[in-house]
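Per-entry structural report
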Amino acid sequence: MTPYHRHLTGWRDYYNFSSYKPRERGIDSMEFEPVIGLEVHAQLLTKSKIFCGCSTVFGEEPNTLTCPVCTGQPGSLPVLNRRAVEFAIKLGLATNCRITPHSLFARKNYFYPDLPKGYQISMYEYPLAVDGFIEISVQGQKKRIQLIRIHMEEDAGKLKHGETPETASYSYVDFNRTGVPLVEVVSGPDIRSPEEAGDYLRKLRAILQYLEICTGNMEEGSFRCDANVSVRPKGQKEFGTRAEVKNMNSFRHVEKALEYEIKRQISVIEDGGDVVQETRLWDANEGVTISMRSKEEAHDYRYFPDPDLVPLRVNEAWVDEIRKGLPELPDQKKERFVKDYQIPEYDAEILTSTKAMANYYEECVRLFPEPKTVSNWMMGDLLKELKRDEREIDQCPVTPKHLAEMLDMIKKGTISGKIAKDVFGEMYKTGDRPEKIVKEKGWVQILDGGEIEGVIDRIIAANPKLVEDYRSGKEKLFGYFVGEVMKATKGKANPKLLNDLLKEKLKK
Ligand SMILES: [Zn+2]
């Protein structure tokens, strides 16, 4: 292929993105490996903004939470929010970073209508925290993802584009979000698959939530992720040319976007082309990444130290004080669950994946002290229902108390384990207590031997041929009789009792 054609291939990829279909192949089977680094922006849950006293409440009337500082009026001066720094330090410590004693705010200059000052205050050469790591498990093995840096910055405003025919040609700007404190967490290029990226993000979000410094809500934009993606032949040390992928606003989208982008880059290389260094947007509707701007169009932000802010000094005593106040973090909680509740590490990993889930589990075990049984129900029926409805556990209609009550009913023999599945389904649908459901539906297990005997007698009388076959050695038929009795009692016969009685009756 001539250089000219190579060039063309690149352009085809560059412009023809909508008709472009990467080859359908599993990434794992390729001789290429992806190299992924992630940049996460997390909104800090302070009451006021990072450089002024305005409230950070979400969802207020546009432009009601603003002042001269966050709207960039001439002569106004920023004052750093101590609580925001404290939160950022917490994250740094929880992710094994070194907190730097001196950091510096800089101006990142660019024009955009949601940025009233014409620059964003951010940290550049001197971030607040460096050299940390987050641990994830990859095929049962622990893997460290390096954190290069964590720095603080202010959020920009939000543009809203007119949606009615009358307003279609207008865009509106809401400065309520301008100046909300953010941390940016930059990982090393250590991630090797979309799944690892998902695990890393989930762990980072869990840490933020455990620390209670960020809601972690991706849909509301309080936890956002950009990815740097490249591919290289397996065994090669040098990195390939990377593309930055933006606009992924859920965990599922991150994994899908990365999968697409990896396949796309491999296809480009296999077709003899070159991957272009550029920024690409994930289009969730089309399931593709689209070129947004190339390297030539990349911004030069002309960073320089913000003369309105003195260098940030963090003394060791303060860091120690914050370290002492750190709560139990996901990895520590996981270890404790394995030790205290004697559950498998796999269970503990899932149960500690969010603080709310861990709290739910512990509350339930407190009320029904059989940890593995509780874990089985949570990891099975409960998570299945939540996943189907795309709900978080704090939106679960079944409370820990109700789940514990239901497990108690199984233990006491009031309901069978089989019926319990239906009871759970109803509890999830209605939010009612299990007793109420069982009573209303008449699902109480039949523990009355006489009643079960009556049913067995009827079934034996109705199947003389099969009974004879059974008695002459066709023991497999036992299961058939069990099934018939269960059918006749709508699954309510106590299984143990039924087995014993049936064996006895069939003998004769
Ligand atoms: Zn303000």
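Computed from a predicted model, the values in this text were never measured in an experiment.

1. A few points about the overall build of the chain
What the chain contains, in helices and strands, is 16 helices and 16 strands. Dimensions of the chain, computed from C-alpha atoms along their principal axes, come out at roughly 95 × 60 × 55 Å. Taken across its 508 residues, the chain has 49% of its residues classed as buried. In the chain, 70% of the contacts between residues at least 6 apart in sequence involve partners at least 24 apart. Summed over its atoms, the accessible surface of the chain is roughly 26500 Å², and 52% of this surface lies on carbon and sulfur atoms. One finds the centroid of the 76 positive side-chain charges in the chain at a distance of 4 Å from the centroid of its 80 negative side-chain charges.

2. Some details on the pattern of salt bridges
In total, this model carries 49 salt bridges according to the counting rule given. Close ionic contact of Asp320 with Arg323 constitutes a salt bridge, the shortest N to O distance being 3.0 Å. A residue pair is termed a helical-turn pair when its members lie 3 or 4 positions apart in one helix, as Asp320 and Arg323 do in helix α5 (residues 316–324) at three residues. With relative accessibility at 45%, the residue Arg323 sits in the partly exposed group. Because the salt bridges share partners, they merge into one network encompassing Glu261, Arg264, Glu278 and Arg280.

3. Some remarks on the confidence of the model for the chain
Per-residue confidence for the chain gives a mean pLDDT of 90; residues scoring 70 or more make up 93%. Within the model, pLDDT remains below 50 along residues 1–20, and this stretch shows 27 contacts once partners closer than five positions in the same chain are excluded.

4. Things to note about the coordination of the zinc ion
At the metal site, the zinc ion is ligated by Cys52 (SG), Cys54 (SG), Cys67 (SG) and Cys70 (SG), and these contacts range over 2.3 to 2.4 Å. Geometry at the zinc ion is tetrahedral, judged from its four donor atoms and the angles of 100 to 115° they form at the metal. For the zinc ion, the donor residues sit on a single chain with the sequence spacing C-x1-C-x12-C-x2-C. Accessibility classification places Cys52 together with Cys54 in one group, the buried group.

5. Section: the nonpolar core
Core analysis: the biggest nonpolar cluster contains 108 residues, and Leu91, Tyr200, Met378, Leu403 and Met406 have the highest contact counts within it. With 18 residues, the next largest nonpolar core counts Val455, Val467, Phe481 and Leu506 among its residues.

6. Details of α5
The set of residues buried in α5 consists of Trp318, Val319 and Ile322. For α5, the buried positions fall inside an angular range of 100° around the axis, keeping them on one side. Structural note: α5 exposes Glu316, Ala317, Glu321 and Lys324 on the side pointing more than 90 degrees away from its buried face. Of the surrounding secondary structure, the elements contacted by the buried residues of α5 are α2 (82–94) and β2 (98–99).

7. Let's talk about the packing of helix α3 (residues 194–210) against helix α4 (residues 251–270)
Between α3 and α4, whose axes approach to 9 Å, the crossing angle comes to 150°. Of the possible angle classes, the one that applies to α3 and α4 is roughly antiparallel. For the element pair α3 and α4, the recorded crossing hand is right-handed. Two secondary-structure elements touch here, α3 through Pro194, Glu195, Ala197, Gly198, Leu201, Arg202 and Arg205 and α4 through Phe251, Val254, Glu255, Leu258, Glu259 and Ile262. Of the residues contributing to the contact of α3 with α4, the split by class is seven nonpolar, one polar and five charged.

Rules used throughout
- Residues numbered from 1 in each chain as written.
- Predicted model: local features only at pLDDT ≥ 70, side-chain atom pairs only at ≥ 80, totals over all residues.
- Heavy atoms only, no water.
- Helix = DSSP H or I, 4+ residues; strand = E, 2+ residues; numbered from the N terminus.
- Buried < 20%, exposed > 50% of the residue type's maximum accessible area, 1.4 Å probe, protein only.
- Contact = heavy atoms within 4.5 Å.
- Areas by Shrake-Rupley, 256 points an atom, 1.4 Å probe, with all protein chains shown as cover.
- Lys, Arg positive; Asp, Glu negative; His and termini not counted.
- Charge placed at Lys NZ, Arg CZ, Asp CG, Glu CD.
- Salt bridge = Lys/Arg side-chain N within 4 Å of Asp/Glu carboxyl O.
- pLDDT = per-residue confidence, 0-100.
- Donors = N, O, S within 2.8 Å, 3.2 Å for Na, K, Ca; no water.
- Tetrahedral: all angles 85-135°; square planar, octahedral: opposite > 155°, others 65-115°.
- Core = buried A, V, L, I, M, F, W, Y, C linked by side-chain atoms within 4.5 Å.
- Arc of directions from axis to C-beta.
- Axes fitted to C-alpha atoms, helices over the stretch in contact; angles between N-to-C directions.
- Parallel < 35°, antiparallel > 145°, perpendicular 65-115°, else oblique.
- Left-handed = near helix turned anticlockwise from the far one by under 90°.
- Nonpolar A, V, L, I, M, F, W, Y, C, P; charged D, E, K, R; others polar.

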